[in-house]
Amino acid sequence: MDISLNTVQAETCRKKEQGYVLIVVIFILLLLTVTVVALNRRAGLQAKIAANQVRTVQTRFGQLAAIEHAAWQLLRDPTRRTSAAGEDYEFNDVVYNRKILDSPLTCPPNVIMISITAPGASRPVSVGLRIRYVYQDTVYIADTDNDKIKVMEPDETIDTLPSLDLDKPRGVAVDASGNIYIADTENDRIIKVDTSDTSETLLETGLTKPHGLFVQNGLITRLYIADTDNHRIRQVDSTGAVSTLDAGFLQKPRGGAVDCPGNVYIVDHDNDRIKQVDSNEDVSIFDTGPLDHPQDVAADDRGNIYVADHDNNRVIKVSTRGAVSTIAGSLDHPHGVAAGASGNVYIADTHNHCVRKVDTAGVVSEFAGKCGHSGDNNSANNPKLNMPHAVAVFSQATSTVAGVEWIYQFY
């Protein structure tokens, strides 16, 4: 009886064990099936992702190729443009729509917008290319202690603006049309000389020892005057209306500049700083690092700022990223600095009685006058200046294209 019961129990246990094993086997098979399905789906997804990535890379290569080809064409023909509808551009058997049009923006100048639309894309990818021409610089020099304005022509001949009856001019500027403005400092007036060499007194009421002059060109044309002993900046618009720029507290402002977006930089001389008035008229201190009685400031068309750091005997550059570097040292109390569209920077090395040039390679050379020797001589063999205080540059583009550069990245 007991033996028979034990046999039944044993058989029952064996069947249960077989059931458990079967369940485990089924579970494992299900798990394997799910895994295989998941792996297949993952492989399919990865294949799709890889295919999409390949298409994306191919599309980007096509876009870059279309842009590079446009740049190559513009180097050879700067006037080349497409219609507003664009043109077909084929790369790797894919046809893109490409537009080459003038940018509606004027800052910086000479920017061409390239727009590339891939097949099926909802919007184009665009980039701005800037055509860089070879420029010729005419440089105007306030030859202060000779009471003259000297002119260095592109062929490096030097001349004098005639019949101005100046007394210690300490500022000079030129607008985009070639009109010249002179701060006749000891006579407390501003003189304008037009392109036909006709001179007139532009402003003399209310000024006291004006120094630096600077011009805003573009959609708005405006002349700024450092009214030094009145501790303010005056502005004259294209209609001749005169007003005072709200720049906060200034002490003996000596010079200034306007960059392409319209930000105004002011040399706050006795406060050892450069002030900035942005296009929204917000006033701030422009970060240059320590200065010692700065005299002038300039802006180039790439957005870099240059400061004549007078008592530190140097000119510094503040890049668009805020990096500060010295582009010319070992000067003797420089008063003026100007940047040309050519990329050259000109410095009035005042107590050395000369003007120096810093070219695009960073090489500093004697440009006008005889450094270390004062005088008044326009001779090509022995030109001399006497305490030049300011420089201004009129850059004219030639028909020669120097290159094409990227201004705006993809967006």
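Because the structure is a prediction, the values reported are computed rather than measured.

So, how was this worked out
- Residues numbered from 1 in each chain as written.
- Predicted model: local features only at pLDDT ≥ 70, side-chain atom pairs only at ≥ 80, totals over all residues.
- Heavy atoms only, no water.
- Helix = DSSP H or I, 4+ residues; strand = E, 2+ residues; numbered from the N terminus.
- Buried < 20%, exposed > 50% of the residue type's maximum accessible area, 1.4 Å probe, protein only.
- Contact = heavy atoms within 4.5 Å.
- Areas by Shrake-Rupley, 256 points an atom, 1.4 Å probe, with all protein chains shown as cover.
- Patch = residues over 30% accessible without salt bridge, like charges linked within 9 Å, V, L, I, M, F, W, Y side chains within 5 Å.
- Salt bridge = Lys/Arg side-chain N within 4 Å of Asp/Glu carboxyl O.
- Disulfide = S-S within 2.5 Å.
- Pairing = 2+ DSSP bridges.
- Axes fitted to C-alpha atoms, helices over the stretch in contact; angles between N-to-C directions.
- Phe/Tyr/Trp six-rings, centres within 6.5 Å; stacked < 30°, edge-to-face > 60°.
- Core = buried A, V, L, I, M, F, W, Y, C linked by side-chain atoms within 4.5 Å.

Quick word on the overall build of the protein chain
- Of regular secondary structure, the protein chain possesses one helix and 27 strands.
- Out of the 411 residues in the protein chain, the part that is buried amounts to 42%.
- Nonlocal contacts in the protein chain, meaning residues at least 24 apart in sequence, comprise 40% of its contacts between residues at least 6 apart.
- As presented, the protein chain carries roughly 21000 Å² of accessible surface, and 50% of it is formed by carbon and sulfur atoms.

Digging into a nonpolar patch on the surface
- On the surface, I28, L29 and L32 cluster together to form a nonpolar patch covering roughly 280 Å² of accessible area.
- Its place among the elements puts L32 in helix α1 (residues 2-76).
- Take L32: its relative accessible area is 48%, and that puts it in the partly exposed class.

Quick word on the state of the cysteines
- Tallied over the full model, the rule gives one disulfide.
- One disulfide bridge connects C354 with C371, the sulfur atoms lying 2.1 Å from each other. The S-S bond linking C354 to C371 shows a torsion near 95°; that makes this disulfide right-handed. Residue C354 is found in strand β25 (residues 354-358), and its partner C371 is found in the loop between β26 (364-369) and β27 (388-408); the two are separated by 17 residues along the sequence.
- The class of C354 is buried, set by a relative accessible area of 0%.

Here's the deal with the sheet that holds strand β15 (residues 253-258)
- Read across the sheet, four strands follow the order β15-β16-β17-β18 without closing on themselves; strand pairing throughout is antiparallel. Both outer strands of the open sheet, β15 and β18 (283-286), are each paired with one neighbouring strand and no more. Pairs of neighbouring strands in the sheet enclose a mean axial angle of 25°, with direction left out of account.
- Here strand β17 (residues 273-277) pairs with β18 via four bridges, running antiparallel. Bridging across to β18, I274 finds its partner in F286.

Some words on the pairing of β17
- Of all five residues in β17, four are buried; the element is thus mostly enclosed.
- Two elements, strand β16 (residues 264-268) and β17, share five bridges in a ladder whose sense is antiparallel. Bridge pairing in β17 places I266 opposite K275.
- Taking the residues between adjacent antiparallel strands as the criterion, β17 and β18 are bridged by five residues, where E281 takes a positive phi near 70°.

Here's the deal with the packing of aromatic side chains
- Summed over the entire model, instances satisfying the criterion amount to three aromatic pairs.
- Considering the side-chain rings of F214 and Y224, the 4.9 Å spacing of their centres and the 5° angle between planes classify their relative orientation as stacked. Of this pair, F214 sits in strand β11 (residues 213-216) while Y224 sits in strand β12 (residues 222-227); the two residues are 10 residues apart in sequence, bridging distant segments of the chain. This pair shows no difference in class: F214 is buried, exactly as Y224 is.

Topic: the side chain of Q295
- With respect to the helices and strands, the residue Q295 is situated in the loop between β18 and β19 (296-299).
- Q295 has contacts with R254, G255, V267, H269, A308, H310, P334 and H335, leaving out every residue within four places of it along the chain.

Some remarks on the pattern of salt bridges
- Under the defined criterion, the tally for this structure stands at 19 salt bridges.
- Taking the shortest distance from any N to any O, the salt bridge between D376 and K150 comes out at 3.1 Å. In this pair, D376 is assigned in the loop between β26 and β27 and K150 in strand β5 (residues 148-152), connecting sequence segments 226 residues apart.
- Between D229 and K252 there is a salt bridge, with the nearest N and O atoms lying 2.9 Å from each other. Of this pair, D229 sits in the loop between β12 and β13 (232-237) while K252 sits in the loop between β14 (242-244) and β15, and the two are 23 residues apart along the sequence.
- By relative accessible area, D229 is classed as partly exposed at 30%.
- Owing to a relative accessible area of 24%, K252 belongs among the partly exposed residues under this scheme.
- Three or more residues are tied together by salt bridges with common partners; here these are R130, R132, D301 and E405.

With respect to the nonpolar core
- I67, L74, I100, I112, I114, I116 and L129 are the most contacted members of the largest nonpolar core, which totals 17 residues.
- Contributing elements (two or more residues each) for this core: α1, β2 (94-102), β3 (111-117) and β4 (125-143).
- Considering every element that reaches this core, the biggest residue donor is α1, with six residues.
- Ranked by size, the runner-up nonpolar core spans 16 residues in total, among them Y140, I149, L164 and V193.

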